[in-house]
Amino acid sequence: MSVHLELRDLARDIATEAGELARRRRAEGVRIAASKSTLADIVTEADREVEALIRARLEKDRPGDGFLGEESDPAPGESGITWVVDPIDGTVNYAAGMPSYAVSIAAVRGGHTFEAWEALAGVVNAPALGEMFEAARGEGSRVVSAAGTVPLRVTSEFPAGALIGTGFGYDSATHADDIRTVQSVMPLARDVRRIGAAAVDLSYVAAGRLDAFFERGLNPWDLAAGALIVEEAGGSVVELPADRFGRRMTIAGHADLVARIAERV
Ligand code: IPD
Ligand code: CA
């Protein structure tokens, strides 16, 4: 078995366990937390606990690798491989009781940004949706669910206009610019979606459910696994130079559509 497949299979095993923990904590937390601040605290605890589980598993199975996660300090490794981890992508959905949240785990080689690394393997486990999206470099991408295992392919034709996902950062100062960007892209769209979890958005692009996705200001852990899943499904992922708030634009989809969106943002 290739190293990339081995990394993917390990990521899948760990993401399965992590997803079960997130789901369990969600079921407990929703009863406990009645107000927003309490809810946020509980979710923060769940995020940290899930990341700690993932980190401990990786330290045991891959002791020489580096780690870059959303909720704990980065650690350099000696092997040249770094695990880029978002324990819960879609935290607001998770806190609000909506199912579009995911554990995202990727193994990359090189730097700690999308442009500086080469992703080797990635999984996006959406436990409340019952779907595990996964990819290994050179091996394609697929979704595993109770319905079976299905290879993924991005769409290449959009006769009625493209169904396009997007996202907005948490800083309200950036919202007006983001709304203007959506307005500029709208002529290409049949409709837009704001799912609330970039890892799920990217997986949906790979699955041909969304034709494209764009968002400014994503973090490495939001996109590391999802971007590889798109690329291995025949799609393209690009990052454009930063805006006045220092946020790079990520665009994913079929290469032709990505280019048309890039002209407008
Ligand atoms: C966020 C989600 C959201 C996106 C934000 C991300 P988090 O990640 O992916 O959809 O709009 O930019 O930061 O905070 O839920 O892990
Ligand atoms: Ca997160």
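Everything here concerns the structure above.
Residues numbered from 1 in each chain as written. Chains lettered and ligands numbered in written order. Predicted model: local features only at pLDDT ≥ 70, side-chain atom pairs only at ≥ 80, totals over all residues. Heavy atoms only, no water.

## Notes on the sheet that holds strand 2 (residues 81-89)
Pairing is mixed across the open sheet formed by seven strands, whose spatial order is 1-2-3-4-5-6-7. Each having just a single partner strand, strand 1 (66-69) and strand 7 (148-151) make up the two edges of the open sheet. The average angle at which neighbouring strand axes cross in this sheet is 20°, direction not considered. Bridge count between strand 3 (residues 102-110) and strand 4 (residues 117-126): eight bridges; the pairing is antiparallel. Residue Val103 lies in a different strand from strand 4, and its bridge partner there is Asn125. The sheet strands contacting helix 6 (residues 220-231) are strand 1, strand 2, strand 3, strand 4, strand 5 (131-136) and strand 6 (140-145), and the helix crosses strand 4 at an angle near 95°. (Pairing = 2+ DSSP bridges. Helix = DSSP H or I, 4+ residues; strand = E, 2+ residues; numbered from the N terminus. Axes fitted to C-alpha atoms, helices over the stretch in contact; angles between N-to-C directions. Contact = heavy atoms within 4.5 Å.)

## A short note on the site of ligand 1
What surrounds ligand 1 is a group of 15 residues, the closest being Asp89, Gly90, Thr91, Ala198 and Glu215. For ligand 1, an oxygen atom lies 2.7 Å from a polar atom in the backbone of Thr91. In this structure, Phe168 approaches ligand 1 through a main-chain N or O atom, which is 3.4 Å from an oxygen atom. A total of 380 Å² of accessible area belongs to ligand 1 in isolation, and the protein chains cover 94% of it. Using a 2 Å cut-off from the grid points, one finds that ligand 1 occupies the largest pocket. Ranked by the residues each element gives to the shell around ligand 1, the list is headed by strand 2, at three residues. Looking at the shell around ligand 1 residue by residue, the class counts come to six nonpolar, three polar and six charged. Here the shell around ligand 1 gathers at least three residues from each of two domains, domain 1 (3-151) and domain 2 (162-264). (Near = heavy atom within 4 Å. Polar contact = N/O pair within 3.5 Å; in protein donor to acceptor, adjacent residues only side chain to side chain. Areas by Shrake-Rupley, 256 points an atom, 1.4 Å probe, with all protein chains shown as cover. 1 Å grid on protein atoms, 1.4 Å probe; cavity = no way out; pocket = protein on both sides within 12 Å on 5 of 7 lines; lining within 4 Å. Sits in = over half its atoms within 2 Å of the grid points. Nonpolar A, V, L, I, M, F, W, Y, C, P; charged D, E, K, R; others polar. Domains from an automatic or database assignment.)

## Some points on the layout of surface pockets
By volume, the largest pocket amounts to about 480 Å³. If you go around the largest pocket, you meet 25 residues; those closest to its centre are Asp89, Phe168, Tyr170, Glu215 and Asp222. Going through the elements one at a time, strand 2, helix 3 (91-96) and strand 10 (212-216) are the ones with two or more residues in the lining of the largest pocket. In terms of residue class, the lining of the largest pocket is made up of eight nonpolar, seven polar and 10 charged. Viewed by domain, the lining of the largest pocket spans two of them, domain 1 (3-151) and domain 2 (162-264), each represented by three or more residues. (Points joined across faces, edges and corners; volume = space filled by probe spheres on them.)

## Section: the coordination of the calcium ion (ligand 2)
Each protein donor to the calcium ion (ligand 2) is listed here as Glu70 (OE), Asp86 (OD), Asp86 (OD) and Ile88 (O); together their distances run 2.1 to 3.0 Å. Sequence positions of the residues that donate to the calcium ion (ligand 2) give the spacing E-x15-D-x1-I. With Glu70 in the loop between strand 1 and strand 2 and Asp86 in strand 2, the pair connects residues that are 16 residues apart, well separated along the chain. Look at Glu70 and you get partly exposed, because its relative accessible area is 31%. (Donors = N, O, S within 2.8 Å, 3.2 Å for Na, K, Ca; no water. Buried < 20%, exposed > 50% of the residue type's maximum accessible area, 1.4 Å probe, protein only.)

## Concerning the packing of aromatic side chains
Pairs of aromatic rings are described using the distance from one ring centre to the other and the angle between the two planes. Under the definition given, this model contains three aromatic pairs. Taken together, a centroid distance of 6.4 Å and an interplanar angle of 85° make the contact between Phe114 and Trp117 edge-to-face. Side by side, Phe114 and Trp117 carry an identical accessibility label, which is buried. Ring centres of Phe133 and Tyr204 lie 6.2 Å apart, and the angle between their planes is 65°; this geometry places the pair in the edge-to-face category. Highlighted residues: Phe133 in strand 5 and Tyr204 in helix 5 (residues 198-206), separated in sequence by 71 residues. Each member of the pair, Phe133 together with Tyr204, is buried. (Phe/Tyr/Trp six-rings, centres within 6.5 Å; stacked < 30°, edge-to-face > 60°.)

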